[in-house]
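Listed below are the residues making up each chain.
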Amino acid sequence: VCVAGYGQSDGNEILQLIPPPRLLTEETQGLCPERDFKVECGGFSERPVYSLRYVPDTSLLVTSGPPDSSLQVWQVSAEDSDVIKPVSTIATENGTGQSWAKIATISARAPWVLHGSRLDRVQITEVESRKNVYTAASRGSEELSGLAFLDCNTLLLCCATGRLCLADIRQPQSLVEATSVPLAPCSERWCMGTRHGPQGLEPSSQPVARLSSRGLLTLTDLRKTSEFLALARARVPSPGSGAEFLCISWAPALEGYLAISGFDGTVHVYDTQSWDSSGREAEPIFVHKGHVFGGAGGSRDPPLVTVHMWHLQKPRTLLSAASDGSLHVWDWVQPCGKC
């Protein structure tokens, strides 16, 4: 597990942690004496790390953060070293003055990174050679909140306004195709979560989830973007400065389950299989409050969950990190009424 700091100092840590033994085994265990993560190797970043991605099938990490949209490439240490060291920088055209880049990685053909801060600044770069292999053609310059590889040829982009855009790298000169936009106030910010289905299943058949800073949740089928698969509302606090940490993700090993965070110190898990298009309030089946109760207490502001992710093999196991530097791994229990 790799983590990094996002403070404004020039000493932000980047760490690779070894999970506790209980998290590494496939079968369910009882009590386990080792419950803590251990630092395997680490390094320091001169800039805040707002996004961090591992490059599959390599020992490389890619990070991004202010003050511009450039990327930093890191080499995770070899066996005889415990240092994560910077190896290169991927500069972007007209990157100065742009907001930090959102990133996604893939290694289907070669180690690639998809990155961009705005709709007209999206490109794919080969990580090791820093060669540009694709630039999306778009007349819009909307700010991006997220992007993803649906497969090695298809890209999905989400604007901060909630607009979804599809692009095909085999047609680099074609305009990015816009899909449905939820009706929302201009001040509302959105993020997205994509779901990867079983091998061989067409990526576009997997629903895309979107989450707004007011707690609106939408599910969209990319094959039919004129209507929503489902529309719901989460019970969340009023949006504040933490809207930049909005996070929504599909469970990889459970059908129809997703988690959201970024509003406060909690992570909410939902079962979407009963959702419809009514937009009514959805009841979470589990709320993780460990970051709220595990903090230092006192007069300090309560921690804010900055990111969460699902364990790839353990269906009901998630990891979450918070603004107080805490990292949790936790399970949730299926409600008895739905066993």
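Residues numbered from 1 in each chain as written. Predicted model: local features only at pLDDT ≥ 70, side-chain atom pairs only at ≥ 80, totals over all residues. Heavy atoms only, no water.

A. Expanded view of the sheet that holds strand β12 (residues 144–149). If you trace the 4 strands from one edge of the open sheet to the other, you get β12-β13-β14-β15, paired in antiparallel fashion. Looking at which strands have only one partner, the edges of the open sheet turn out to be β12 and β15 (177–178). Relative to β15, strand β14 (residues 164–168) is paired through 2 bridges, and the arrangement is antiparallel. Paired with L166 across the two strands is E177, which belongs to β15. (Pairing = 2+ DSSP bridges. Helix = DSSP H or I, 4+ residues; strand = E, 2+ residues; numbered from the N terminus.)

B. Summary view of the nonpolar core. With 20 residues, the main nonpolar core has L114, I124, F149, L155 and L157 as its most contacted residues. Only β8 (102–106), β9 (112–116), β12, β13 (154–159) and β14 provide two or more residues apiece to this core. If we skip the residues at most four places from it in the chain, F149 touches A104, T105, I106, W112, L114, I124, T154, L155 and H196. Counting residues in hydrophobic clusters, the runner-up holds 17 residues, among them A230, I248, W250 and L258. (Core = buried A, V, L, I, M, F, W, Y, C linked by side-chain atoms within 4.5 Å. Buried < 20%, exposed > 50% of the residue type's maximum accessible area, 1.4 Å probe, protein only. Contact = heavy atoms within 4.5 Å.)

C. Structural context of the environment of G279. Looking at the secondary structure, you find G279 in the loop between β22 (267–271) and β23 (286–288). Separated by 62 residues in the primary sequence, G279 and L217 place their C-alpha atoms 8.2 Å from one another. In this structure G279 touches L231, A232 and R233, once residues within four positions along its chain are discounted.

D. Fine view of the pattern of salt bridges. Under the criterion given, the structure shown has 12 salt bridges. For D68, the salt bridge is made with R47, and the minimal N-O distance between the two is 2.9 Å. Separated by 21 residues along the polypeptide, D68 in the loop between β5 (60–64) and β6 (71–75) and R47 in the loop between β3 (38–45) and β4 (51–54) bring together distant segments of the chain. Accessibility classification places D68 together with R47 in one group, the buried group. Of the charged contacts in the structure, one is a salt bridge between R163 and E142, with a shortest N-O distance of 2.5 Å. In this pair, R163 is assigned in the loop between β13 and β14 and E142 in the loop between β11 (132–135) and β12, connecting sequence segments 21 residues apart. Taken together, the shared-partner salt bridges in this structure form one network comprising R235, E281 and E283. (Salt bridge = Lys/Arg side-chain N within 4 Å of Asp/Glu carboxyl O.)

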